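As a plain string of letters, each chain reads:
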Amino acid sequence: MSTATDRAGGPPLDAVPNPRAAGVDLPQHVRTAFGVRDAPAVPVLVAGIPSWRCQDILIRPVTDNAQAAWSARVLDTLVVDGLRVARPLRCSDGRWVVAGYSACEYVAGSPEPRYDELVTASLRLHAATASVRRPRLLDDRDGLTARADAAAWGDRVVALEPSTGGLLFDDLARYRRQVRLPAQVVHADLFGTVLFDGDAPPAILDLVPFWRPVEWAAAVIVVDALAWGGGDPALLRTWSHLDGWPQVLLRALLFRVALHAQHPASSAESLRGLEWAADLIVPRL
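Overview of the structure. Note that the structure is a prediction, hence the values are computed from the model and not measured.

Calculation criteria
- Residues numbered from 1 in each chain as written.
- Predicted model: local features only at pLDDT ≥ 70, side-chain atom pairs only at ≥ 80, totals over all residues.
- Heavy atoms only, no water.
- Core = buried A, V, L, I, M, F, W, Y, C linked by side-chain atoms within 4.5 Å.
- Buried < 20%, exposed > 50% of the residue type's maximum accessible area, 1.4 Å probe, protein only.
- Helix = DSSP H or I, 4+ residues; strand = E, 2+ residues; numbered from the N terminus.
- Contact = heavy atoms within 4.5 Å.
- Phe/Tyr/Trp six-rings, centres within 6.5 Å; stacked < 30°, edge-to-face > 60°.
- Lys NZ or Arg CZ within 6 Å of the ring centre and 35° of its normal.
- Polar contact = N/O pair within 3.5 Å; in protein donor to acceptor, adjacent residues only side chain to side chain.

Attention now goes to the nonpolar core. General note: in soluble globular proteins, nonpolar side chains tend to be found buried as a group. Among the nonpolar cores identified, the biggest contains 71 residues, and Trp216, Val222 and Leu253 are the most heavily contacted of them. The element best represented in this core is helix α6 (residues 214-228), accounting for 13 residues. Contacts of Leu253, omitting those with residues within four sequence positions, involve Leu172, Val223, Leu274, Ala277, Ala278 and Ile281. One finds Ala39, Trp52, Ile57 and Tyr101 within the second-largest nonpolar core, a separate group that totals 14 residues.

Taken as a whole and assessed by the stated rule, the structure comprises five aromatic pairs. Here Phe210 and Trp216 contribute two aromatic rings whose centre-to-centre distance is 5.7 Å and whose plane-to-plane angle is 50°, an arrangement assigned as tilted. Comparing Phe210 with Trp216 shows no difference in burial state: the two are buried. With 5.7 Å between their ring centres and 75° between their planes, Phe210 and Phe255 make a pair best called edge-to-face. Within this pair, whereas Phe210 is found in strand β10 (residues 209-212), its partner Phe255 is found in helix α8 (residues 245-262), the two being separated by 45 residues in sequence. A residue is classified by how much of its surface remains accessible, and Phe210, at 1% relative accessible area, is buried. Here Phe255 falls in the buried class, since its relative accessible area comes to 0%. An aromatic cluster of at least three residues, connected via ring pairs, comprises Phe210, Trp216 and Phe255. Over the aromatic face of Phe210 sits the side chain of Arg141, whose NZ or CZ is 4.6 Å from the ring centroid. Over the ring of Trp153 we find Arg251, and its NZ or CZ is 5.1 Å from the ring centre.

Counting through the fold element by element, Gln262 comes out in helix α8. With relative accessibility at 17%, the residue Gln262 sits in the buried group. Polar side-chain contacts of Gln262 include one of 3.4 Å to the backbone oxygen of Leu144. Beyond its immediate chain neighbours, meaning those up to four positions away, Gln262 contacts Leu144, Arg147, Ala148, Val158 and Leu160.

Shown next, in the form of structure tokens:
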């Protein structure tokens, strides 16, 4: 299951190996557990994750079993106006995750650079998650993403490699001002993971939970689009009506810079994308 931790800067989807080409097979006991033992397991790349389509079921590896199970429980009953939700599927004994794999209904589509629609999808999703309780799994999370999030909001001091973003982070942090916006469960990794299929509503496959303002989640999409997706700088103006916009943009940028500065896959090219985004955002602060 995709998480922000998986990538430092939105690599192109074709940079992720096809599971068949990598010599990886879907374990037979996983297919049996999800009721598709005899169905062909066709390798597919979904939102950058090597996965398998078994008839109308999609099976994907997960990086965090607890988060995947939480996501499945929420999406099992979540209704989102204007979005398709890939309904999670339990295995034969009722579990959401089997040996590091989860399953959901297969939904058609692929990521596309439809960034205004993506921000709209984020706002619709988070209107639906407003009543979701803060998951306890956030209390124990201490990976790269959690540290980057805490650093961005000034909740924690994190050692950042100067050459991969630490210097940029320090320069940006001086513009930080207090933000008074309500926090709730938000999905902070929608860039590159929402599926579009023509005129059909966008589709989501999972939730990567953070406890932050809705406006911040929208700002993360805009920062990602500017830094790595060729997004039009007009995105900054289009969504400027959102509450606290300049400061949530800054927090989103600091979040990505802090993640980049810690990430082993960081590159000079992806840092240049963040620097470009910073050049566009700082004059608005």
